Amino acid sequence: MKNLNAKFVLKVAGTLTAIALVVAALLGVVNQITYQRIDELTLAATREALAAVTPEGSDYEPLELADAVVAAAKEQGGKLTEMYAVSAGGYACKVEASGSQGTIVMIVGVDDAGAITGISIVENAETAGIGSKVMTNLPNDAGVPVLDQFIGLSGAGSLAVKKNVTPITGATVSTKGVTAGANAALAAVAALG
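What you see is a predicted model, and the numbers here were worked out from it, not measured in a lab.

1. Some remarks on the overall build of the chain
Part 1: Each helix and strand counted, the chain has 4 helices and 5 strands in total.
Part 2: Put simply, the chain runs from its N terminus to its C terminus through helices and strands in the order α-β-α-β-β-β-β-α-α.
Part 3: A compact globule built from 193 residues should have a C-alpha radius of gyration of about 16 Å, whereas the chain, at 22 Å, is more than 25% larger.
Part 4: Overall, the chain is about 80 × 40 × 30 Å in size when its C-alpha atoms are taken along their principal axes.

And the structure:
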């Protein structure tokens, strides 16, 4: 009886291992096919977002992310992943912050005076019909498009929901995520000196 059970267990384990190897190989093939297209779509979304937060016709020079600049963004609750000098003046920061359903990736434009010129969402997983209202810039509870209310605001760490940022009812966490990203971008630009 013991040998029969051992053989059975080995057979099941071998079958499961073979299935796992086949599935892993298939996932690897699918990744090889799709990763390039995903990268292209992300790059296109980033370019579109850059254009939305900077003056028309601007060019963008990627900047090397110094440790102090990355740390300044992190202190404000965001992760700085890319930063650009804008030919028309100012900077554009690609920042990640936590939303209600995952990471919100956004581009935040900041002018030479340290004020936000715009926020554009690159990628998010916010709840459809709730957090997505913030991501698509629908009017907040004061009737102002939620992302547009950031334009002209400055002072890293000074932006706060229900203080100087009005949320959309039911999407406060999403609004807080965008606010953290805005504060992170302002801090990163300020850390440039």
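2. Overview of the pattern of salt bridges
Part 1: This structure, assessed with the given rule, holds 2 salt bridges.
Part 2: Note that Arg37 and Glu40 form a salt bridge whose closest N and O atoms lie 3.6 Å from each other. Of this pair, Arg37 and Glu40 both sit in helix H1 (residues 2-53), 3 residues apart, roughly one helical turn.
Part 3: Glu40 sits in the partly exposed class, given a relative accessible area of 41%.
Part 4: In this structure, Glu82 engages Lys94 in a salt bridge whose closest nitrogen and oxygen atoms are separated by 3.6 Å.

3. Regarding helix H4 (residues 172-191)
Part 1: Its 20 residues place the ends of H4 28 Å apart at the C-alpha level, agreeing with the 28 Å of an ideal helix rising 1.5 Å per residue.
Part 2: With respect to burial, H4 is a largely interior element, 15 of its 20 residues being buried.
Part 3: Gly193 sits one or two residues past H4 and shows a positive phi near 90°.

4. Quick look at the nonpolar core
Part 1: Core analysis: the largest hydrophobic core is formed by 32 residues, its most contacted members being Met106, Ile119 and Val178.
Part 2: Looking at this core, the elements that each hand over two or more residues are helix H2 (67-75), strand E2 (79-86), strand E3 (91-98), strand E4 (103-110), strand E5 (116-123), helix H3 (131-135) and H4.
Part 3: Looking at this core, the element that brings in the most residues is H4, giving 8 residues.
Part 4: Excluding anything up to four places from it in sequence, Met106 contacts Cys93, Lys94, Val95, Ala97, Ile119, Ser120, Ile121, Val122, Gly177, Val178 and Gly181.
Part 5: Of all hydrophobic cores here, the second largest spans 9 residues; its members include Ala49, Tyr84, Val86 and Val105.

Conventions we followed
- Residues numbered from 1 in each chain as written.
- Predicted model: local features only at pLDDT ≥ 70, side-chain atom pairs only at ≥ 80, totals over all residues.
- Heavy atoms only, no water.
- Helix = DSSP H or I, 4+ residues; strand = E, 2+ residues; numbered from the N terminus.
- Rg over C-alpha atoms; globule rule 2.2 N^0.38 Å.
- Salt bridge = Lys/Arg side-chain N within 4 Å of Asp/Glu carboxyl O.
- Buried < 20%, exposed > 50% of the residue type's maximum accessible area, 1.4 Å probe, protein only.
- Expected span 1.5 Å × (residues − 1).
- Core = buried A, V, L, I, M, F, W, Y, C linked by side-chain atoms within 4.5 Å.
- Contact = heavy atoms within 4.5 Å.

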